[in-house]
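# Analysis of the macromolecular model
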Amino acid sequence: MTFDVGTFMLESVPFARTLGISFDTVEPGRAVARMPDRADLHNHVGGPHAGALFTLAESASGAAMLSAFGDQLPRATPLAAGATIRYVKLAMGEVVAEARLRASREEVLAELDAGRRPEFEVGVGIATADGTPVSEMTVTWTLRPNR
């Protein structure tokens, strides 16, 4: 199955569109997404709200996951099983999230082929447009076999 993962994400996750998230890069196991600096997304100190940063990172992780496993959609449904985020510096302005799959495609598919529900991590770094790190996130994904 070949499809435009970024477009698919924005069509299937309306909240990502609400935040103005866009995808710069989507390639196997990796995605880069960005969120504009908008006053309606700010928190009480003038930067992007923590929930907006979370959504940006989760969206990037989903694109990275789908870029590796989108061809498995006919037999499995991807679900976020958990996430942890750490805010390391106040973000100001536009923010960029880079997500990378931490497991190999082969490992995950071996679990799925064995009839198990694989869980795997996608790591995400969030930075300002000039590259200053502001947050780190890990999203645990699973592929639930379709019955």
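Let me begin by describing the structure that accompanies this report. (Residues numbered from 1 in each chain as written. Predicted model: local features only at pLDDT ≥ 70, side-chain atom pairs only at ≥ 80, totals over all residues. Heavy atoms only, no water.)

## Things to note about the overall build of the protein
- Of the regular secondary structure elements, the protein holds four helices and six strands.
- Going residue by residue from the N terminus, the α and β elements of the protein occur as α-α-β-β-α-β-β-α-β-β.
- Over its C-alpha atoms the protein spans a radius of gyration of 15 Å, differing by no more than 12% from the 15 Å that the globule rule assigns to 147 residues.
- Along the three orthogonal principal directions, the C-alpha set of the protein runs to about 50 × 25 × 25 Å. (Helix = DSSP H or I, 4+ residues; strand = E, 2+ residues; numbered from the N terminus. Rg over C-alpha atoms; globule rule 2.2 N^0.38 Å.)

## Looking at the sheet that holds strand β5 (residues 119-128)
- Taken together, the six strands give an open sheet; going across it, the order is β1-β2-β4-β5-β6-β3, and neighbouring strands pair in antiparallel fashion. Of all strands in the sheet, those with a lone pairing partner are β1 (22-27) and β3 (76-87), marking the two edges. The mean inter-strand angle of the sheet, taken between neighbouring strand axes irrespective of direction, is 20°.
- Pairing geometry for β3 and strand β6 (residues 133-145), over 11 bridges, is antiparallel. (Pairing = 2+ DSSP bridges. Axes fitted to C-alpha atoms, helices over the stretch in contact; angles between N-to-C directions.)

## A short note on a nonpolar patch on the surface
- A cluster of nonpolar residues, V45, L90 and M92, forms a patch on the protein surface that exposes about 270 Å² of accessible area.
- Its location among the elements puts M92 in the loop between β3 and β4 (95-101).
- On the basis of relative accessible area, M92 is assigned to the partly exposed category, the value being 43%. (Patch = residues over 30% accessible without salt bridge, like charges linked within 9 Å, V, L, I, M, F, W, Y side chains within 5 Å. Areas by Shrake-Rupley, 256 points an atom, 1.4 Å probe, with all protein chains shown as cover. Salt bridge = Lys/Arg side-chain N within 4 Å of Asp/Glu carboxyl O. Buried < 20%, exposed > 50% of the residue type's maximum accessible area, 1.4 Å probe, protein only.)

## Focus on helix α4 (residues 105-113)
- Considered for burial, the residues of α4 that qualify are V108, L109 and L112. Projected down its long axis, α4 shows its buried positions confined to an angular sector of 95°, all on one face. Along α4, the residues that are exposed and aim more than 90 degrees away from the buried face are E106, E107 and D113.
- Among the structural elements, α3 (50-69), β3, β5 and β6 are those in contact with the buried residues of α4.
- Two residues or fewer after α4 comes G115, characterised by a positive phi angle close to 85°. (Arc of directions from axis to C-beta. Contact = heavy atoms within 4.5 Å.)

Nothing here speaks to function; it is geometry throughout.
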